[in-house]
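The chain contents come next:
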Amino acid sequence: MEQQQKPGVGKVYLVGAGPGDPGLITLRGKYLLERAEVVVYDYLANQRLLKHVPAKAQLVYAGKRGGVEHSHTQAEINQMLIDFARQGKMVVRLKGGDPFIFGRGGEEVEELAHHGIAFEVVPGVTSATAAATYAGIPITHRGYTTSVAFLTGHESPDKPTSTIDWSKIATGIGTIVIYMGIKNLPYIVKSLVDNGRSPETPVAVVRWASTPEQQSVVGTLANIVDVVRDTGIKPPALIVIGDVVNLRQTIDWFEKRPLFGKRIIVTRTREQASELVAGLEEAGASCFECSTINIEPVDDYKILDEALERIGEYHWILFTSLNAVRYFFNRLYLKGMDARDLKGPDIATVGKSTADLLLTYGINADLIPPVFTGEGLAQSLLDLGVEGRNILLPRAAAGREILPETLRGAGAQVTVAPLYRNVPVQGRTDELRAELATGRVDLITFTSSSTVKNFLDMVAAENQEELDRLLAGVKIATIGPITAKTVTDGGLTVDIQPERYTIPDLIQAIIETYR
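This structure is a prediction, so every number in the text was calculated from the model and none was measured.

Reading guide: rules and limits
In this convention, every chain numbers its residues from 1, walking through the sequence in written order. Confidence filtering applies because this is a predicted model: local features only for residues at pLDDT of at least 70, side-chain atom pairs given and counted only at 80 or more, and all residues used for totals across whole chains, interfaces and linings. Hydrogens and water are ignored here; the side-chain numbers use all heavy atoms of the structure. Two strands qualify as a pair provided DSSP detects at least 2 bridges between them. In this description a helix means any DSSP run of H or I spanning at least four residues, a strand means any run of E spanning at least two, and both kinds are numbered starting from the N terminus. Angles here are taken between N-to-C directions and fall from 0 to 180 degrees, while the axes themselves are lines fitted to C-alpha atoms, restricted in helices to the stretch in contact. Contacts are assigned to residue pairs with any non-hydrogen atoms lying within 4.5 Å of each other. Handedness of each helix crossing follows the sense of rotation of the near helix against the far helix: counterclockwise by less than a right angle gives left-handed, clockwise gives right-handed. Nonpolar residues are Ala, Val, Leu, Ile, Met, Phe, Trp, Tyr, Cys and Pro. Charged residues are Asp, Glu, Lys and Arg, and all others, Gly as well, are polar. Residue burial is assigned from relative accessible area. The probe radius is 1.4 Å, only protein chains are included, and a residue is buried under 20% of its type maximum, exposed over 50%, and partly exposed in between. Here the arc refers to the set of directions running from the helix axis out to each C-beta atom. Each salt bridge in this description consists of a side-chain nitrogen of Lys or Arg and a carboxyl oxygen of Asp or Glu lying within 4 Å of one another. For our purposes a nonpolar core is just a set of buried Ala, Val, Leu, Ile, Met, Phe, Trp, Tyr and Cys residues, chained together by side-chain atoms within 4.5 Å. A pair of aromatic rings is counted whenever rings of Phe, Tyr or Trp (Trp by its six-membered ring) have centres within 6.5 Å, and the orientation is called stacked for planes under 30 degrees apart, edge-to-face for over 60 and tilted otherwise.

**Focus on the sheet that holds strand S2 (residues 38–41)**
- Reading across from one edge, S3-S2-S4-S1-S5 is the order of the five strands in this open sheet, with parallel pairing throughout. Edge positions in the sheet fall to strand S3 (58–61) and strand S5 (118–122), since each has one partner strand and no second. Each strand of the sheet is rotated relative to its neighbour by a mean of 15°, with strand direction disregarded.
- The pairing of S2 with S3 spans four bridges and is classified as parallel. Each residue of the ladder has a partner; that of Val 38, found in S3, is Gln 58.
- In this fold helix H2 (residues 74–86) packs onto strand S1 (11–16), S2, S3 and strand S4 (90–95), with an angle of close to 155° to the strand it touches most, S4.

**Details of the packing of helix H10 (residues 302–309) against helix H11 (residues 322–334)**
- Two numbers describe how H10 lies on H11: the axes approach to 11 Å, and their chain directions differ by 65°. As for the relative orientation of H10 and H11, their crossing is right-handed in sense. On H11, the residues that touch Leu 304, Asp 305 and Leu 308 of H10 are Phe 328, Arg 331 and Leu 332.
- Tallied by class, residues from the contact of H10 with H11 come to four nonpolar, no polar and two charged.

**Remarks on helix H15 (residues 429–437)**
- Here H15 has its buried residues at Leu 432, Glu 435 and Leu 436. Seen from one end, H15 has its buried residues packed into an arc of 95°, which puts them on one side. The exposed set on the far side of H15, more than 90 degrees from its buried face, consists of Asp 430 and Ala 437.
- Summarising the contacts, the buried residues of H15 are in contact with strand S11 (263–266), strand S12 (286–289), strand S18 (443–446), helix H16 (449–459) and helix H17 (464–470).
- One or two residues past the end of H15 sits Gly 439, with phi positive at roughly 80°.

**With respect to the pattern of salt bridges**
- A complete count under the given rule lists 29 salt bridges for this structure.
- Here Lys 30 and Glu 34 are joined by a salt bridge, their closest N and O atoms 2.5 Å apart.
- Judged by its relative accessible area of 30%, Lys 30 is partly exposed.
- In this structure Glu 34 comes out as partly exposed when scored by relative accessible area, which is 32%.
- With its nearest N and O atoms 2.9 Å apart, the salt bridge here joins Asp 42 to Arg 93. With Asp 42 in the loop between S2 and S3 and Arg 93 in strand S4, this pair connects stretches of sequence that are 51 residues apart.
- Note on Asp 42: relative accessible area 15%, which makes it buried.

**Comments concerning the nonpolar core**
- Ranked by internal contacts, the top residues of the largest apolar core, which has 30 residues, are Ile 317, Phe 319, Phe 328, Phe 329, Leu 342, Leu 392 and Leu 419.
- Elements that contribute at least two residues to this core include exactly strand S13 (293–297), H10, strand S14 (316–319), H11, helix H12 (352–360), strand S16 (390–396) and strand S17 (413–424).
- Dropping the residues within four chain positions of it, Ile 317 is found in contact with Ile 311, Phe 328, Leu 342, Pro 345, Asp 346, Ile 347, Ala 348, Leu 392 and Pro 394.
- Val 189, Val 203, Ile 224 and Val 228 belong to the second-largest nonpolar core, a separate cluster that totals 23 residues.

**Topic: the packing of aromatic side chains**
- For the structure shown, the criterion picks out 17 aromatic pairs.
- Ring centres 5.0 Å apart and planes at 50° place the aromatic pair Tyr 134 and Trp 253 in the tilted group. You can see Tyr 134 sitting in helix H4 (residues 127–134) and its partner Trp 253 sitting in the loop between helix H8 (248–251) and S11, a full 119 residues away along the chain.
- Looking at Trp 253, the relative accessible area reads 41%, which means it is partly exposed.
- Centroid distance Phe 446 to Phe 455: 5.2 Å. Interplanar angle 70°. Geometry classified as edge-to-face. Neither Phe 446 nor Phe 455 differs from the other in exposure class; each is buried.

**Structural notes on the side chain of Thr 292**
- Mapped onto the elements, Thr 292 comes out in the loop between S12 and S13.
- Ignoring sequence-local partners within four residues, the contact set of Thr 292 consists of Thr 267, Val 423, Pro 424, Val 425, Ser 450, Thr 451, Asn 454, Phe 455 and Met 458.

**Side note on the pairing of strand S8 (residues 202–207)**
- For S8, a buried count of five out of six residues is recorded, marking the element as mostly surrounded by other parts of the structure.
- Note that S8 and strand S9 (residues 215–220) share six bridges and pair antiparallel. Following the sheet pairing, Val 203 is matched in S9 by Gly 219.

**Quick word on the pairing of S11**
- Residues Arg 263 and Ile 265 of S11 are buried on one face, and the alternating residues Ile 264 and Val 266, pointing to the opposite face, are buried as well.
- With four bridges joining them, S11 and S12 adopt parallel strand pairing. Bridge pairing in S12 links Val 266 to Glu 289.
- Where S11 and S18 come together, three bridges link them in parallel fashion. Counted as the bridge partner of Ile 265 is Ile 444 from S18.

Okay, here's the thing in structure tokens:
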């Protein structure tokens, strides 16, 4: 739905954020977020969607939790949309679910139209269909019902009487899906039963649908009030009523994933965490991304620059991390060079992931050791013979010395060229400690020794007893033996370590542990 824009005035886009899973936003919605100048977002819109928003965009929270006062009244929200548009801004109004299904989207665009503000409405996956689907309930099924009704369990307080005709709804509709109905559940149940719906009708209540925090309970109209009370289900939740709820026993899929309900802290750098987080969340985990290191360039590239000027003199270039590959090629390009200038030396990587990244720069690794560690790479090179060989090792400023020292001991000339530094992350200590203090954390992942050391610094435990208390019941997964040793040196225990030291293998090892 779109309205023409007046010259010199901005435009407001009402975008449905979907039910909770950030992957369920439409391509159109993502496109608009990536170009927004102002984003006004709700409580039910997953804040991870804000990653798509330009850094310079203005973010305005306009949500409400159940039972808590609005941060802005509806009238204030309407006015700010008008004001931002009149400033010539591209405004995205990000709303949970679909803007036009119990989302007050109609009220907002009415106000925009009244003031001559151009707008567009982008539909979203509504919570009703998502809650049923992610709970394993098809809301229509030709073997059960071909009719469905969406109702609100919380009508406008300004209405003198209810507009829901329970006498017709109770027996005239196969599946009933009720939004915002938890607080009025006893009234809803009574209205349906009093108007002819069988007390034995199956009912499901789904909280935080499509997210790793999803919680589903099942009962009947006769007992669902007790079930919800006993299990502590709170808003936001949807109620699904009808015989189709029985199908959940057969086709429940979302909550049966191997890591469903597991809370995992990922300590990798923000730039590198995406693959690990995506793999864990695909298996059902809820990830708390808390990078414990930042990667910064070194102040002086003199050693690397001199090495690049005589790159043909080297027999080997060794890459021991993804960051080394990225920073090396950034500097190579800055010097007016490219992959063609690397035709002389052979190139080795510490593991397959580094080799895969290297291939994106047009270079096939000549050597990948069978054991993905510095020691493994050193041994593979020793097996080939390195005496008298000139070797370039571009790496972190403070790296492990086992590789260059081993090669030098075998007669090689090794040039260590610092490219970047691993530095601690500032300002997240309280957030990390608070997360651990909840007692909800099941697992922490470490993918390098730096992540371990900085994690321990951030936790800032006064003694081993406090550290043990904070990590009580928390498993630890490491990507390889070097990282594992740093964990044990820090007084902790490693519970999970893959046989191959890659992110996909780490994910699989975690899945197998919990399966």
